[in-house]
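Breakdown of the fold
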Amino acid sequence: MSKFKMPSAYTILFIIIIVVAAMTWFVPAGEYEMENDKPVPGTYHTVEENPQGVFDVIMAPVKGFYDAVDVALFIIVIGGFLGVTMESGAIDAGIAAVTEALQGKERWMIPILMILFGIGGSTYGMAEETIAFYPLIIPIFIAAGYDTVTAVSVILLGAGMGVLGSTVNPFATGIASGFAKISLGSGIGLRLLILFLGEALAIGFTMNYAKKVKQNPENSLVYNQREENKKHFLHKTDQEEFPELTGRRKLILAIFALTFGIMIFGVIPFEDLGIHAVPTLWWWFGELTGLFLVGAISIGFVGGMKEKKIVSSFVDGARDLLGVALIVAVSRGITVVMNNGNISGTVLHYGESMLSGLSSLSFTLLTYVFYIPMSFLIPSTSGLATLSMPILAPLGDFANVGRELVVTAYQSASGIVNLVTPTSGVVMGALAIARLNYGKWLKHVWKFLLIVFVFTSIMLSLGVMM
């Protein structure tokens, strides 16, 4: 008997489109009066029904792409920007140089590397890019008396907690903020706090385990593989495969960081925060797309690439994220069907009725808990954001919860799931390279997951009171 395999995110989302279209035939049609793009509580009223048929289902992803074209183009250009940057070898060279400089001081490699990976996760959703570093870092940690669990924790938890505490991650926070109709800078203070404290928790957890293994190797979860892992990993460190950190690559890293710095400045609504000494640019997806396009071209020229190389690297990087752009289109198709079928307002009305007795804190924590199983069902962070934010963000209005807090609850839940989900190629790829059994990884990390769950719940509660 063949084992059941979870369908792809595209299939799941298309099935949801069909289900939602069917709902338009029996769910009453209705809408709210809107004020500043927000539904006004108590103004729900019925309207003429407009049930969606087969043709509407087929056209939903197409219309969804039209609706989300600014987001999709932003994703594609971000892919090109990352493609040119990775082609330059600057990021690989930077982390490899730090790793080499700290050999013999491996204990300090843990916090420093986890901070670097955390910054990558928080700013541009660094995930698949970490795979290249396992062959470099695992042998160094084993030679220093640690184990593969330590090495995997440094990379996977370091980058993963960065993604959980995303500040301007365009694939999670950016897309979610866009569909919640708020600025990417909204709520960045709380997200920074989650990033700093969350990364500190991950570093402490990893260093504590590493210390136990260093003092007594029998404390290692993979002690039975100790000799086998030494033979497998120590005869090769692959450091020669990583590019040298030249002055040119240092400049590229500076441009890379500057681009994200300008992005942060461009999206922070200083005016709304009561800060008038600093101009508010009110940038959004259009301006940010232009910014990263300029950043990609600048990095290409500084990297000494010829015009054809810049273009090919950009196109290759954009191609890598085309699937993400399509996920956004299909997800947006669900909202298109709901809006055209006139049931979006009705769904909100049902939600308003259920929320009538809930406090802001209860709504926020329930939203966080809701997103955990949803993140398993739809592992695509961008797809989940596109699907859910048009509904959950307005529901927050009824519970007096800021939309930025709904976004933070979403990314926190998605972040915690992506540390362990077996549907993630990043998680399973990392464990395969490290020859680490999935069950042992779960045994190692489950306590940390509980800590993170409690920690993020406290942070979200704090966000309600802010």
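In case you missed it, the structure is sitting above this.
In this report, we go over the structure that sits alongside the text. (Residues numbered from 1 in each chain as written. Predicted model: local features only at pLDDT ≥ 70, side-chain atom pairs only at ≥ 80, totals over all residues. Heavy atoms only, no water.)

So, on to the packing of helix 3 (residues 69-88) against helix 8 (residues 170-180). Relative orientation of the contacting elements helix 3 and helix 8 amounts to 160°, with a least axis distance of 11 Å. Classified by the interaxial angle, the pair formed by helix 3 and helix 8 is roughly antiparallel. The two elements helix 3 and helix 8 cross, and the hand of that crossing is right-handed. Contact with helix 3, carried on its side by Val71, Phe74, Ile75, Ile78 and Leu82, involves Pro170, Phe171, Ile175 and Phe179 of helix 8 and no other residues of that element. Tallied by class, the residues present in the contact of helix 3 with helix 8 amount to nine nonpolar, no polar and no charged. (Axes fitted to C-alpha atoms, helices over the stretch in contact; angles between N-to-C directions. Helix = DSSP H or I, 4+ residues; strand = E, 2+ residues; numbered from the N terminus. Parallel < 35°, antiparallel > 145°, perpendicular 65-115°, else oblique. Left-handed = near helix turned anticlockwise from the far one by under 90°. Contact = heavy atoms within 4.5 Å. Nonpolar A, V, L, I, M, F, W, Y, C, P; charged D, E, K, R; others polar.)

On the surface, a nonpolar cluster with roughly 700 Å² of combined accessible area is contributed by Leu192, Leu193, Phe196, Leu197, Leu462, Met465 and Met466. Elements that contribute at least two residues to the nonpolar patch include exactly helix 9 (188-215) and helix 20 (438-465). The element best represented in the nonpolar patch is helix 9, accounting for four residues. Considering the arrangement of structural elements, one finds leucine 462 in helix 20. (Patch = residues over 30% accessible without salt bridge, like charges linked within 9 Å, V, L, I, M, F, W, Y side chains within 5 Å. Areas by Shrake-Rupley, 256 points an atom, 1.4 Å probe, with all protein chains shown as cover. Salt bridge = Lys/Arg side-chain N within 4 Å of Asp/Glu carboxyl O.)

Turning to helix 8, a few remarks are in order. With eleven of eleven residues buried, helix 8 is to be regarded as a mostly interior element. Restricting attention to buried positions, one finds in helix 8 the residues Pro170, Phe171, Ala172, Thr173, Gly174, Ile175, Ala176, Ser177, Gly178, Phe179 and Ala180. At the N-terminal boundary of helix 8, the capping side chain belongs to asparagine 169, with an oxygen 3.0 Å from the backbone nitrogen of phenylalanine 171. (Buried < 20%, exposed > 50% of the residue type's maximum accessible area, 1.4 Å probe, protein only. Polar contact = N/O pair within 3.5 Å; in protein donor to acceptor, adjacent residues only side chain to side chain.)

What the rule picks out here adds up to 18 aromatic pairs. Ring geometry for phenylalanine 117 against phenylalanine 133: centres 5.6 Å apart, planes inclined by 65°, an arrangement best described as edge-to-face. Of this pair, phenylalanine 117 sits in helix 5 (residues 106-124) while phenylalanine 133 sits in the loop between helix 5 and helix 6 (134-143), placing them 16 residues apart in sequence. For the residue pair phenylalanine 117 and phenylalanine 133, the accessibility class agrees, reading buried in each case. An aromatic cluster is present here, built from Phe74, Phe81, Tyr124, Phe256, Phe260, Trp284, Phe285 and Phe292 joined pairwise through their rings. A cation over an aromatic ring shows up here: lysine 214 above the ring of tyrosine 146, its NZ or CZ 5.2 Å from the ring centre. (Phe/Tyr/Trp six-rings, centres within 6.5 Å; stacked < 30°, edge-to-face > 60°. Lys NZ or Arg CZ within 6 Å of the ring centre and 35° of its normal.)

The subject of this paragraph is the environment of isoleucine 252. By the element assignment, isoleucine 252 lies in helix 11 (residues 247-267). Separated by 111 residues in sequence, isoleucine 252 and phenylalanine 363 place their C-alpha atoms 44 Å apart. Excluding residues within four positions of it along the chain, isoleucine 252 makes contact with Ser88, Ala90, Ile299, Val302 and Gly303.

This next bit is on the pattern of salt bridges. Under the defined criterion, the tally for this structure stands at four salt bridges. Notably, a salt bridge pairs glutamate 228 with arginine 435, separated by 2.4 Å at the nearest N-O pair. In this pair, glutamate 228 sits in helix 10 (residues 226-233) while arginine 435 sits in the loop between helix 19 (425-433) and helix 20, placing the two residues 207 residues apart along the sequence. According to the relative accessible area criterion, glutamate 228 is partly exposed, its value standing at 42%. Judged by relative accessible area, arginine 435 falls into the partly exposed class, the value being 29%.

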